[in-house]
Amino acid sequence: MKQLPSIQSPTYTHGFSVPLDYAYISERGLTKKTIETLSSMKAEPEWMKKFRLDAYALYLQKTLPSWGPDLSSLSFDDIRYYVKPTDGEKRTWDDVPDSIKKTFDRLGTPQAEREYLAGIKNQFDSEVVQGQLKPIWEEKGVIFLSMDEALKKHPNLVRKHIGSVIPSGDNVFASLNSAVWSGGSFIYVPKNVEVSLPLQAYFRINAERAGQFERTLIIADEGSKVTYIEGCTSPSFSTSSLHSAVVEIIVEKGAHVEYITIQNWYKHVYNLVTKRALVKEEAVMVWTDCNLGSKITMKYPSYILAGKAAHGETLSLAFAGANQIQDTGSKAIHLAPYTTSSIVSKSISQGGGITSYRGLISIGPNAHHAKNHVSCDALLLDKNSISNTYPTQRVFTGDATITHEATVSKIGERQLFYLMSRGLTASQARAMIVRGFADPLIKKLPMEYAVELNRFIDLEMEGSVG
Amino acid sequence: MRNTNISKNITKSELIISHLGVSAIIEPQTSQKKGILKDVSCRMRSGEIHVLMGKNGSGKSTLAMALSGHPDYVIDSGSCVLEKTELVTLSADERARAGLFVSFQTPIEIAGVSVFQLIKTAYEQKFGLIENVLNFYHEVEREATLLGIPTASMHRSIHEGFSGGEKKRLELLQMKFLKPRFAFIDEIDSGLDVDAITMVSQYLKEMVADSQMGCVIITHYERLLKYLPINAVHLMSKGSIVTSGDTSLADQIMRDGFDSVMKKLEL
Ligand SMILES: Nc1ncnc2c1ncn2[C@@H]1O[C@H](COP(=O)(O)OP(=O)(O)OP(=O)(O)O)[C@@H](O)[C@H]1O
Ligand SMILES: [Mg+2]
């Protein structure tokens, strides 16, 4: 494939792409034929092909959301819906083609893999190219596969759960993903197994105009515990790419799942993602969601608190620079008694960037004694930047406790001055204030990611002054 | 770092403020402003301690803040030269790096920026990368202890939730590590308990002796002064320095009050 020149952005360090001989690249645009070819290339069972085609039929009936950011500049017909880099997933690095290996090397993922991860999956465009789970977890019955592999090895588990939390007809992007999904992770953690180290997936778009539609399904059986981290980056192409994932999580009784995202797509990627967890009795779901990159992100990680005393938590950090819209938030659906949820959203806008918090709190008629707390803090770094909040509450019980706090602050000229009076340059001072603002969230991230995030803020602030 | 005998190597330098006029910006949009300081002149050499006194609202803090480059103030006229460097045209950070430090009367809080992080970043900006951060941390802890600041505070956000007296000590702690050539110390003694005043003045005295820093102490009380070797006392009124003298001027002010001193001087 011909490599197109990439626009180098001074502040985006992941903007390179590697020339590569792809095993398969679909024509631009989406037809029934695209889906049939994709499904047969993957040698999928008939039911999955039908699942896809049914979803495609739903997709054709649906229109883009009438609310939220304007998506009219996204040309669905220009996207390549299936871009397959290699034949098959490799278990070790040595077997991965050099150019792909180099990409992940430059992104620093293999280093991270060594010590502190229980397992890893690296996805390049449409396919997972490499993956591994440490033997001790394999022995305990933990399954960590690419979704495609899982479909081959555990078809019944996949068939039972896929689309059970997010049906194909849920929204237009869920329909699209259900029709063309490829890659993503499948995780099953058996009863009472605690995976003490995180599982990680790294998503990389390499080809121009490539769409990435990974599908992730996590099942944490009763009393189990797992943390999953995903990172996403892409080359700095001037044309748009589309990333539209679906993530479904089932948190069984007493289980605990934490899902951490560091999204740092280049500024031409549309990131339209549906994430939802079904949380059973006394189980806990935590979404830690950092959205730094992309052109437009629409993502509202949700939990359906279906069992008594289930708990959901969202920690989200959004950063919007010039020409970026981060439309993020969370949805807490309380269906059972004594369910609790907490949403902490922090957003930073600069250079005309727009961040919006869009949240839904729904307390159903059976959810007596439910509790929810939402706190949204926005930091505006200049006059041109915008922050919005769109909270929605639907309460059907009399005794729910719901609290909502929202603050919008401008970066304080006096705080900047104070730091500068200590000899810090304007950009150092800005970076320090922004980091301080994001600190409560950064503190919760694993070390490697915290470092990465601080570096991101420093780079952005350097680019923003002068 | 502490007590290293660098005093011998320090060249005598001067801070010369001449005919300074300063306005406060009332409305940033309309750039509406109000004149506060008129024709302020004063000079000080390194190693000297000067005292600036004056009624509430006479303009003492304005002088310190305007010199440090505070965005609420503009310098309309005059100059301030620190060792051949004209400060007035520099940005706040450049003034700091030129060797000026202001310990503010009411320092601002910054959430999420820890005391240690600030000191470390400011230190590295001025003196280069710290190789052994742990050692440096212990040094900061040691100085904090000398100033009576609990070492656990090093990880708290700067000035957030600290008491009035603690804030003043945190300003001095930063000053210690930034090693300025000249410092304005604004009402360091208000909010300090009696024991703390002794401690802080002892600390200041050693610091001036060690580093040959020149400093202007803004105060309403003589308590601090009795522990410190004072070279000059300046009296500010309505935005100007109306008279200067030695410690006897401070004594006179403390005994008779501003109005009576002014009357005697026919001001
Ligand atoms: N930003 C500002 N906007 C408007 N007026 C100001 C501003 N800053 C200072 N002033 C005015 O300038 C005068 C001098 O204030 P300044 O704070 O310098 O006094 P001070 O001598 O430090 O007093 P104190 O002993 O009470 O600390 C006061 O009348 C004050 O109200
Ligand atoms: Mg004052």
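Reading the values: rules and limits
- Residues numbered from 1 in each chain as written.
- Chains lettered and ligands numbered in written order.
- Predicted model: local features only at pLDDT ≥ 70, side-chain atom pairs only at ≥ 80, totals over all residues.
- Heavy atoms only, no water.
- Helix = DSSP H or I, 4+ residues; strand = E, 2+ residues; numbered from the N terminus.
- Rg over C-alpha atoms; globule rule 2.2 N^0.38 Å.
- Buried < 20%, exposed > 50% of the residue type's maximum accessible area, 1.4 Å probe, protein only.
- Contact = heavy atoms within 4.5 Å.
- Lys, Arg positive; Asp, Glu negative; His and termini not counted.
- Charge placed at Lys NZ, Arg CZ, Asp CG, Glu CD.
- Polar contact = N/O pair within 3.5 Å; in protein donor to acceptor, adjacent residues only side chain to side chain.
- Pairing = 2+ DSSP bridges.
- Axes fitted to C-alpha atoms, helices over the stretch in contact; angles between N-to-C directions.
- Donors = N, O, S within 2.8 Å, 3.2 Å for Na, K, Ca; no water.
- Salt bridge = Lys/Arg side-chain N within 4 Å of Asp/Glu carboxyl O.
- Parallel < 35°, antiparallel > 145°, perpendicular 65-115°, else oblique.
- Left-handed = near helix turned anticlockwise from the far one by under 90°.
- Nonpolar A, V, L, I, M, F, W, Y, C, P; charged D, E, K, R; others polar.
- Near = heavy atom within 4 Å.
- Areas by Shrake-Rupley, 256 points an atom, 1.4 Å probe, with all protein chains shown as cover.
- Disulfide = S-S within 2.5 Å.
- Core = buried A, V, L, I, M, F, W, Y, C linked by side-chain atoms within 4.5 Å.
- pLDDT = per-residue confidence, 0-100.
- Phe/Tyr/Trp six-rings, centres within 6.5 Å; stacked < 30°, edge-to-face > 60°.

## Some points on the overall build of chain A
Next, step 1: Broken down by element type, chain A carries 11 helices and 24 strands.
Next, step 2: Its C-alpha atoms give chain A a radius of gyration of 21 Å, within 12% of the compact-globule value 23 Å for 466 residues.
Next, step 3: If you line up chain A on its principal axes, its C-alpha atoms span 65 × 60 × 45 Å.
Next, step 4: When burial is assessed residue by residue, chain A has 62% of its 466 residues classed as buried.
Next, step 5: In chain A, once contacts between residues fewer than 6 apart in sequence are set aside, the share between residues at least 24 apart is 84%.
Next, step 6: Distance from the positive charge centre (51 side chains) to the negative charge centre (49 side chains) of chain A: 2 Å.

## Observations regarding the side chain of Thr-314 of chain A
Residue and element names in this part refer to chain A.
Next, step 1: Within the element layout of this structure, Thr-314 appears in strand E18 (residues 311-320).
Next, step 2: A distance of 2.7 Å separates a polar atom in the side chain of Thr-314 from a polar atom in the side chain of Ser-330.
Next, step 3: Excluding residues that lie within four positions of it along the chain, Thr-314 makes contacts with Trp-287, Pro-301, Tyr-303, Ser-330, Ser-342, Ile-343 and Val-344.

## Notes on the sheet that holds strand E9 (residues 182-186) of chain B
All names here are of chain B.
Next, step 1: Spatial ordering of the open sheet is given by E6-E9-E10-E3-E11-E12, a layout of 6 strands whose pairing is mixed. Single-partner strands in this sheet number two, and they are strand E6 (100-103) and strand E12 (240-245). Strand after strand, the sheet turns through a mean of 20° between neighbouring axes, direction not considered.
Next, step 2: In terms of strand pairing, strand E3 (residues 49-54) meets strand E10 (residues 214-218) through 4 bridges, oriented parallel. What sits directly across from Val-51, in E10, is Ile-217.

## Considering the coordination of the magnesium ion (ligand 2)
Residue and element names in this part refer to chain B.
Next, step 1: Taken together, Ser-61 (OG) and Gln-105 (OE1) make up the protein donors of the magnesium ion (ligand 2), found 1.9 to 2.1 Å from the metal. Here the residue Ser-61 occupies a position in helix H1 (residues 60-68), and Gln-105 occupies one in the loop between E6 and strand E7 (110-114), the gap between them amounting to 44 residues.
Next, step 2: For Ser-61, a relative accessible area of 17% translates into the label buried.
Next, step 3: Overall, Gln-105 belongs to the partly exposed group, its relative accessible area being 30%.

## Looking at the pattern of salt bridges
Any two side chains of opposite charge can pair, so long as their charged atoms come close to each other.
All names here are of chain A.
Next, step 1: A complete count under the given rule lists 28 salt bridges over all chains for this structure.
Next, step 2: One salt bridge connects Glu-149 with Lys-121, and the closest N-O pair in it is separated by 3.8 Å. With Glu-149 in helix H6 (residues 147-153) and Lys-121 in strand E3 (residues 119-124), the pair connects residues that are 28 residues apart, well separated along the chain.
Next, step 3: On the basis of relative accessible area, Lys-121 is assigned to the buried category, the value being 4%.
Next, step 4: The salt bridge involving Lys-280 is made with Glu-252; its shortest N-O contact spans 3.0 Å. You can see Lys-280 sitting in the loop between strand E14 (269-279) and strand E15 (284-291) and its partner Glu-252 sitting in the loop between strand E12 (246-251) and strand E13 (256-263), a full 28 residues away along the chain.
Next, step 5: A single network of salt bridges, built from pairs that share partners, joins Lys-42, Glu-127 and Asp-148.

## Some points on the packing of helix H5 (residues 164-178) of chain B against helix H6 (residues 194-211) of chain B
Axis angle and axis distance: for two packed helices, these are the angle between their axes and the distance between the axes, and together they describe the pair.
Residue and element names in this part refer to chain B.
Next, step 1: Direction vectors running N to C along H5 and H6 enclose 15°, while the axes themselves pass 12 Å from each other. Viewed along their axes, H5 and H6 adopt a mutual orientation that is roughly parallel. By crossing handedness, the relation of H5 to H6 is classed as left-handed. Residues Arg-169, Leu-172, Met-175 and Lys-176 of H5 lie in contact with H6, whose contacting residues are Ala-196, Met-199, Val-200, Tyr-203, Leu-204 and Met-207.
Next, step 2: For the contact of H5 with H6, the residue count by class is 8 nonpolar, no polar and 2 charged.

## Side note on the pairing of E12 of chain B
All names here are of chain B.
Next, step 1: Pairing analysis gives 5 bridges linking strand E11 (residues 232-237) to E12, with the strands arranged antiparallel. By the bridge assignment, His-234 is partnered in E12 with Ser-244.
Next, step 2: In this structure, the hairpin formed by E11 and E12 is closed by a connection of 2 residues, where Lys-238 is found at a positive phi of approximately 45°.

## Comments concerning the site of ligand 1
Residues and elements named next belong to chain B.
Next, step 1: Not every one of the 16 residues close to ligand 1 is listed here, only the nearest: Lys-60, Ser-61, Thr-62, Tyr-73 and His-220.
Next, step 2: Side-chain polar atom of Ser-61 to an oxygen atom of ligand 1: 2.7 Å apart, as the coordinates give it.
Next, step 3: With respect to ligand 1, the side chain of Glu-187 contributes an N or O atom lying 3.4 Å from an oxygen atom.
Next, step 4: Considered on its own, ligand 1 offers 630 Å² of accessible surface; in the complex 70% of this is hidden by protein.
Next, step 5: At 3 residues, H1 tops the list of elements feeding residues into the shell around ligand 1.
Next, step 6: The residue makeup of the shell around ligand 1, split by class, is 4 nonpolar, 8 polar and 4 charged.

## Focus on helix H8 (residues 172-180) of chain A
Three or four residues apart is the spacing at which side chains of an α-helix point the same way, because the helix has 3.6 residues per turn.
Residues and elements named next belong to chain A.
Next, step 1: In terms of burial, H8 is a largely internal element, 9 of the 9 residues being buried.
Next, step 2: Three or more residues of H8 are buried, namely Val-172, Phe-173, Ala-174, Ser-175, Leu-176, Asn-177, Ser-178, Ala-179 and Val-180.
Next, step 3: Residues of H8 that are buried in the fold lie against helix H1 (32-41), helix H2 (46-61), strand E9 (215-220), strand E11 (241-243), E12 and E14.
Next, step 4: Structurally, the start of H8 carries an N-cap: the backbone nitrogen of Phe-173 is 2.8 Å from a side-chain oxygen of Asn-171.

## Some words on the state of the cysteines
Here, the word disulfide means a covalent bond between the sulfur atoms of two cysteines.
All names here are of chain B.
Next, step 1: As enumerated under the stated definition, the model contains 0 disulfides over all chains in all.
Next, step 2: In this structure Cys-42 is a free cysteine whose sulfur lies 9.0 Å from that of Cys-80, the closest cysteine sulfur available.
Next, step 3: Under the relative-accessibility criterion, Cys-42 is labelled buried at 16%.

## Here we look at the nonpolar core
Next, step 1: Grouped together as the largest cluster of nonpolar side chains are 117 residues, with contacts concentrated most on Leu-419 of chain A together with Leu-63, Met-154, Leu-173, Met-175 and Phe-184 of chain B.
Next, step 2: In terms of residues, this core owes the most to one element, helix H10 (residues 426-442) of chain A, which gives 9 residues.
Next, step 3: In this structure Leu-173 of chain B touches Val-115, Ile-119, Val-140, Glu-143, Ala-144, Leu-147, Ile-149 and Met-154 of chain B, once residues within four positions along its chain are discounted.
Next, step 4: In this structure, Val-96, Ala-255, Val-257 and Met-285 of chain A belong to the second largest nonpolar core, which totals 58 residues.

## Looking at the confidence of the model for chain B
All names here are of chain B.
Next, step 1: Residues at a pLDDT of 70 or more form 96% of chain B, whose mean pLDDT is 91.
Next, step 2: This stretch, residues 1-9, has a pLDDT under 50; its non-local contacts, to residues over four places away or in other chains, come to 15 contacts.
Next, step 3: Here the predicted complex scores 0.83 on pTM and 0.94 on ipTM.

## Re the packing of aromatic side chains
Next, step 1: Evaluation of the coordinates by the stated rule reveals 14 aromatic pairs over all chains.
Next, step 2: Taken together, a centroid distance of 5.1 Å and an interplanar angle of 55° make the contact between Tyr-259 of chain A and Trp-287 of chain A tilted. With Tyr-259 of chain A in strand E13 and Trp-287 of chain A in strand E15, this residue pair connects regions lying 28 residues apart in the sequence. Like Trp-287 of chain A, Tyr-259 of chain A is buried.
Next, step 3: Between Phe-116 of chain B and Phe-136 of chain B, the aromatic rings sit 6.0 Å apart at their centres with planes inclined by 50°, giving tilted as the arrangement. Remark: Phe-136 of chain B occurs in helix H4 (residues 133-146) and Phe-116 of chain B occurs in helix H3 (residues 115-127); sequence separation between them is 20 residues. As far as burial versus exposure is concerned, Phe-116 of chain B and Phe-136 of chain B are alike and both buried.
Next, step 4: Members of the aromatic cluster, each reached through a chain of ring pairs, are Phe-116, Tyr-123, Phe-127, Phe-136, Tyr-137 and Phe-177 of chain B.

## Some words on the sheet that holds strand E2 (residues 32-45) of chain B
Residue and element names in this part refer to chain B.
Next, step 1: Strand order in this open sheet of 4 strands is E2-E1-E4-E5, and the pairing throughout is antiparallel. A strand with exactly one partner marks an edge of an open sheet, and here the two such strands are E2 and strand E5 (85-86).
Next, step 2: Pairing analysis gives 2 bridges linking strand E4 (residues 73-82) to E5, with the strands arranged antiparallel. Looking at E5, one finds that Leu-82 is bridged to Thr-85.

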